[in-house]
Every structure is written in structure tokens, then in C-alpha cells.
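Chain by chain, the residues:
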Amino acid sequence: MDITSLLLLGFAALGIISKNSPVTIAVVVLLLLRVLGLQQTFPWLEKYGLTAGIIILTIGVMTPLASGKISLDTIWHSFLHWKSLAAIGIGMLVAYLGGRGALLMGSQPTVVAGLLIGTVLGVAFFKGVPVGPLIAAGILSLLIGRG
């Protein structure tokens, strides 16, 4: 067994130990692609996987609006309460950081490994959610002046 597969198995073990199914499922899918000889999908996943993931995440976040659980009245009132205004501001900041992070990850692939390891460890040991690499890269871009 090669070192890449062993590393992926280690990440799968962290996902299982931390009871984090998104990490476990993602790693198992990647391992299956390797075992089945479908490595030709990796360039496509590298190029479009992030965009596809963001689309799916956005669909999930916007579903309450589409289903009618969040009304136009609720949206209007979000501009009248300080917590909602803070949420809007933080949402804008996170979107900005995510954009910087996407640029950094594209221009400096050497930081991607560290971001991935940090995210998986954060998920495994701090009960986090694996949406952090873009934001982490955005914060990193502020620190190193890239993006």
C-alpha cells in the first residue's frame, strides 16, 4: 500500500474516531476512486469540486427560504435587530475571507496540505465542521499578504 493511501486511511480513522461522517465519507470516496483506478477524476475534482461543494452548501443554506420557512418579513426584520445586523456583517466578512482563501489556495498550493490537516484535526478533536479550509486560507492570506 502506498503512502497516499495510508494517509487517507489515517484521515478516515480520524473521521471515524471523531464521529464526523462528512470527513469519513469524503476520504472513503477518494480511497475508492484510487482503488478502482479512477484517478483520472482527480483533476476534475480539484478543478470543480470546491465549486460543486459550495453550490451544494448554498442550496442547503437557502432551502429554508425556498421552502417558505423564512419569510420576506423575517428577512426584513433581520435589518432591525442588532444580532441579525451582526450576522449580516459577519456573513459578509466570512464571504470575503472565503474569496481570499480560494485565491490563496489556487496560487499557493503548498499551504493546502497544512490547511487540510488543520481542518481535519479541528473536526476530529474540537467537534468542528469541515467547512474551514477556505476561511482558514482567507485568514492566512491576511497574515501573509496574499490574495
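Below, the structure is looked at part by part. (Residues numbered from 1 in each chain as written. Predicted model: local features only at pLDDT ≥ 70, side-chain atom pairs only at ≥ 80, totals over all residues. Heavy atoms only, no water.)

## A word on the overall build of the protein chain
Put simply, the rule is: Only DSSP runs of H or I with at least four residues qualify as helices, and only runs of E with at least two residues qualify as strands; both kinds are numbered from the N terminus onward. Partly exposed residues are those whose accessible area sits between 20% and 50% of the maximum for their type, while under 20% is buried and over 50% is exposed, using a 1.4 Å probe and protein chains only. Residue contacts are defined here by distance: any two heavy atoms, one from each residue, within 4.5 Å place the two residues in contact.
Secondary structure summary: the protein chain contains seven helices and zero strands in total. Traced from its N-terminal end to its C-terminal end, the protein chain shows the element sequence α-α-α-α-α-α-α. The principal-axis extent of the C-alpha atoms belonging to the protein chain is close to 60 × 40 × 30 Å. By residue count, 23% of the 147 residues in the protein chain fall in the buried class. Sequence-distant contacts, at least 24 apart, represent 59% of the contacts inside the protein chain between residues at least 6 apart.

## Focus: the side chain of Arg100
The test is simple: All tallies of charge rest on Lys and Arg as positive and Asp and Glu as negative; His and the ends of each chain are not included. One speaks of a salt bridge when a side-chain nitrogen belonging to Lys or Arg is within 4 Å of a carboxyl oxygen belonging to Asp or Glu. As used in this structure description, the phrase polar contact means that two N or O atoms lie within 3.5 Å; if the pair is within protein, one of them must be able to donate a hydrogen and the other to accept it, and residues adjacent in sequence are counted only when both atoms belong to side chains.
Residue placement: Arg100 occurs in helix α5 (residues 82-107). At 22 Å, Glu46 is the nearest oppositely charged side chain to Arg100, a buried residue that forms no salt bridge. Side-chain polar atoms of Arg100 contact the side chain of Ser141, separated by 2.7 Å.

## Focus: helix α6 (residues 110-126)
Think of an α-helix as turning once every 3.6 residues; residues three or four places apart then point the same way. Which entries qualify depends on this criterion: One less than the residue count of a helix, multiplied by 1.5 Å, gives the span that helix is expected to have.
Spanning 17 residues, α6 covers 25 Å between terminal C-alpha atoms, matching the ideal 24 Å at 1.5 Å per step. Every buried residue of α6 is accounted for by Val111, Leu115, Thr119, Val120, Gly122, Val123 and Ala124. Positioned one or two residues after α6, Lys127 has a phi angle of 55 degrees, which is positive.

## Quick look at helix α3 (residues 42-67)
Quick note on the threshold: A residue's bend is given by the angle between axes fitted to the 7 residues ending at it and the 7 residues starting at it.
Under the 1.5 Å per step criterion, the end-to-end length of α3 is 35 Å for 26 residues, consistent within 8% with the ideal 38 Å. At Tyr48, α3 shows its maximal bend, which comes to roughly 50 degrees. Two residues or fewer after α3 comes Gly68, characterised by a positive phi angle close to 90 degrees.

## Digging into the nonpolar core
Selection rule: Working definition of a nonpolar core: buried Ala, Val, Leu, Ile, Met, Phe, Trp, Tyr and Cys residues. They are joined through side-chain atoms within 4.5 Å.
With ten residues, the main nonpolar core is built from Leu8, Phe11, Ala12, Leu14, Val23, Val27, Leu31, Val120, Val123 and Ala124. Contributing elements (two or more residues each) for this core: α1 (3-17), α2 (21-35) and α6. Top contributing element to this core by residue count: α1, with four residues. Ignoring anything within four residues of it in the chain, the contact list for Val27 reads Leu8, Phe11 and Ala12. In terms of nonpolar packing, the next biggest core, distinct from the first, is built from six residues, Val111, Leu115, Leu134 and Ala137 among them.

## Observations concerning a nonpolar patch on the surface
This is how it is decided: Without a salt bridge and with relative accessible area above 30%, a residue can belong to a patch; like charges are then joined within 9 Å and nonpolar side chains (Val, Leu, Ile, Met, Phe, Trp, Tyr) within 5 Å. All accessible-area figures derive from a Shrake-Rupley calculation using a 1.4 Å probe, and residue coverage is judged against the displayed protein chains alone.
Taken together, the side chains of Leu57, Val61, Met62, Leu65, Ile70, Leu72, Ile75, Trp76, Phe79, Leu80 and Leu85 define a hydrophobic patch exposed on the protein surface, amounting to about 1,100 Å² of accessible area. Contributions of two or more residues to the nonpolar patch are made by α3 and α4 (72-77). If one sorts the elements of the nonpolar patch by residue count, α3 sits on top with four residues. With respect to the helices, strands and loops of the structure, Met62 is situated in helix α3. By relative accessible area, Met62 is classed as partly exposed at 44%.

## A look at the pattern of salt bridges
Across all of its chains, the model carries one salt bridge by this definition. For Asp2, the salt bridge identified is with Arg34, shortest N-O distance 2.4 Å. Highlighted residues: Asp2 in the segment before α1 and Arg34 in helix α2, separated in sequence by 32 residues. Given the relative accessible area of 34%, Asp2 is considered partly exposed. With a relative accessible area of 21%, Arg34 lands in the partly exposed category.

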